[in-house]
Amino acid sequence: MPELDQEKTYYSAINWNDVEDAVDKETWEKLTEQFWLDTRIPLSNDLSDWRTLTQEEQTLVGHVFGGLTLLDTVQSESGMAMLRETVRTPQETAVLNNIQFMESVHAKSYSSIFSTLNTPTEIEEIFNWTDTYPNLQFKSKRINEIYKNDDPLKKKIASVFLESFLFYSGFYTPLYYLGNNKLANVAEIIKLILRDESVHGTYIGYKFQQGYKEQSETKQQDIKTWMYDLLYELYENEEKYADALYKEVGWEEEVKTFMRYNANKALMNLGQDPLFPDTASDVNPIVMNGISTGTSNHDFFSQVGNGYLLGEVQPMSDEDYDIGLTKK
Ligand SMILES: [Fe+2]
Ligand SMILES: [Fe+2]
């Protein structure tokens, strides 16, 4: 081994054979195993269902997906970049790179849905609404402020709240339709997204817990207070958002139950006690049915959903290159 020159900067190559934290490797494997692209889902098969929806319902779907596009944009453009600044291991950087790319896939998926179901004028209206609607803008602004200015643990809290809580006011709609046997292909995309978000929230929550355990008791208490205050603040805004989105169709109270149930799950990912009394049995069973049936698996360690399997891979042999040649 050559002698190190103290004056020089050396770069460390990532070594996956020397993994400090097995969770990094497990998460990498899980995320790459469940890789998917929006272009492989036959969205146009949902057009006949789409035409049966009322005008109010179609507007709701458009706005809900506009809101989800914005959250995925925040995660892909600034969230992961900010979390990457304070990693504990080189493998964590690799996992965050994967997450960042998938957030771009998620954000793009909604545009595939729009181009299938909506007219260009409707798409324009959806993006104008998304880019200006106050309760929606509030969420992205608040989370982004934390990403830009706060300490590493607070950034992770914000990210888990986004992944495991804020998405669910929007996920409610496609899950509701799926539970009613409508828009099955749109829902397939949402379930693939939901399956990714579930891993993202668990992983970033785990990284938070590692750092949190190393803090003094006083500091832990400060972080805890800050975390619950932020959740209240986001929840209050989410209530207004749900009221505005869902009042036309009359689902606002059941959406709030679903939000509270998922807020508790976000806290669980961060290793904290639940805040709300709501449990899975309080959520509209049609929506829970939408989550549990069909193709994708919702929990962290299960395998790829049965509705979306990657092709079987075989190693190549010399004969594979004998294109157009007669076999000897
Ligand atoms: Fe996402
Ligand atoms: Fe995510």
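An unreviewed UniProt entry annotates the protein as Ribonucleoside-diphosphate reductase subunit beta of Xylocopilactobacillus apis. Within the UniProt record for the protein, the comment given under Subunit (unreviewed entry) is "Tetramer of two alpha and two beta subunits." The protein has a UniProt comment under Sequence similarities (unreviewed entry) that states "Belongs to the ribonucleoside diphosphate reductase small chain family."

Asker: Is there a simple way to think about the overall build of the protein in this case?
Answerer: In terms of helices and strands, the protein carries 12 helices and zero strands. The order of α-helices and β-strands along the protein, N terminus first, is α-α-α-α-α-α-α-α-α-α-α-α. A buried classification covers 38% of the 328 residues belonging to the protein. By sequence separation, contacts in the protein at least 24 residues apart represent 77% of the contacts at least 6 residues apart.

Asker: Hey, could you run me through the nonpolar core in this one?
Answerer: Nonpolar side chains in soluble globular proteins generally cluster together in the buried interior. With 74 residues, the main nonpolar core has Ile-113, Ile-157, Phe-161, Tyr-172 and Phe-258 as its most contacted residues. Those elements that provide at least two residues to this core are helix H3 (55-83), helix H4 (90-117), helix H6 (134-149), helix H7 (152-166), helix H8 (168-179), helix H9 (184-213), helix H10 (217-246) and helix H11 (252-269). In terms of residues, this core owes the most to one element, H9, which gives 11 residues. Phe-258 has contacts with Tyr-168, Tyr-172, Val-283 and Val-287, leaving out every residue within four places of it along the chain.

Asker: Honestly, the UniProt feature "active site" (unreviewed entry) in the protein in this entry has me stumped. Any pointers?
Answerer: UniProt marks Tyr-110 with the feature "active site" (unreviewed entry), using the numbering shown here. Positionally, Tyr-110 belongs in helix H4.

Asker: Explain unusual backbone geometry to me, please; I cannot follow it from the model alone.
Answerer: Excluding glycine, a negative phi dihedral is what most residues carry, and trans is how most peptide bonds are arranged. In this model, Asn-181 sits at a positive phi of 60 degrees, which is unusual for a non-glycine residue. Positive phi outside glycine occurs at Leu-183, with the angle close to 50 degrees. Looking at where Leu-183 falls in the secondary structure, it is placed in the loop between H8 and H9. The exposure class of Leu-183 is buried, given the 26 C-beta atoms found within 10 Å.

Asker: Would you mind showing me how to read H11 here?
Answerer: Because each turn of an α-helix spans 3.6 residues, side chains separated by three or four positions end up pointing in the same direction. The terminal C-alpha atoms of H11 lie 26 Å apart, and with 18 residues this matches the ideal 26 Å at 1.5 Å per residue to within 8%. Following H11 by one or two positions, Gly-271 adopts a phi angle in the positive range, close to 75 degrees.

Asker: Whenever I open this one, the packing of H4 against H9 confuses me. Can you help?
Answerer: In a packed pair of helices, the relevant descriptors are the angle between the two axes and the axis-to-axis distance. In contact at an axis separation of 11 Å, H4 and H9 are set at 155 degrees when each is read in the N-to-C sense. Between H4 and H9, the crossing angle belongs to the class labelled roughly antiparallel. Relative to H9, H4 is oriented so that their crossing is left-handed. Across from Glu-92, Val-95, Ile-99, Met-102, His-106, Ser-109 and Ile-113 in H4, the residues of H9 making contact are Val-186, Ile-189, Ile-193, Asp-196, His-200, Tyr-203 and Lys-207.

Asker: How do you make sense of the UniProt feature "binding site: Fe cation 1" (unreviewed entry) in the protein when you look at a structure like this?
Answerer: UniProt records the feature "binding site: Fe cation 1" (unreviewed entry) at Asp-72, Glu-103 and His-106, using the numbering of this structure. Look at the named residues: they lie 35 residues apart in sequence, but the longest C-alpha span between them is just 6.4 Å, so in the fold they bunch up. Tracing the sequence through the fold places Asp-72 in helix H3. Asp-72 has contacts with Glu-103, His-106 and Ala-107, leaving out every residue within four places of it along the chain. Here His-106 is to be found in helix H4. Leaving out residues up to four positions away in the same chain, His-106 has contacts with Asp-72, Ile-193 and Asp-196.

Calculation rules
- The residue numbers shown here count from 1 along each chain, following its written sequence.
- As they are written, the chains are lettered A onward and the ligands numbered 1 onward, keeping that order.
- Confidence filtering applies because this is a predicted model: local features only for residues at pLDDT of at least 70, side-chain atom pairs given and counted only at 80 or more, and all residues used for totals across whole chains, interfaces and linings.
- UniProt positions are given in the numbering used here, feature names are shortened, and annotations may be inferred rather than shown by experiment.
- By the criteria applied, helices consist of DSSP H or I runs no shorter than four residues and strands consist of E runs no shorter than two, each listed in order from the N terminus.
- Three exposure classes are used, all based on how many other C-beta atoms lie within 10 Å of a residue's own C-beta (placed from the backbone): buried at 20 or more, exposed at 12 or fewer, and partly exposed between those limits.
- Residues are defined as contacting one another if the C-beta atoms placed from their backbone atoms lie within 7 Å.
- By our criterion, buried Ala, Val, Leu, Ile, Met, Phe, Trp, Tyr and Cys residues that link up through C-beta atoms within 7 Å make up a nonpolar core.
- To estimate the expected span of a helix, subtract one from its residue number and multiply by 1.5 Å.
- For every element, the axis is a line fit to its C-alpha atoms; helices are fit only across the contacting stretch, and the angle between N-to-C directions ranges from 0 to 180 degrees.
- Under this scheme an angle from 65 to 115 degrees is roughly perpendicular, one under 35 degrees roughly parallel, and one over 145 degrees roughly antiparallel; angles in between are oblique.
- Note on convention: near helix rotated counterclockwise from far helix by under a right angle means a left-handed crossing. Clockwise means right-handed.

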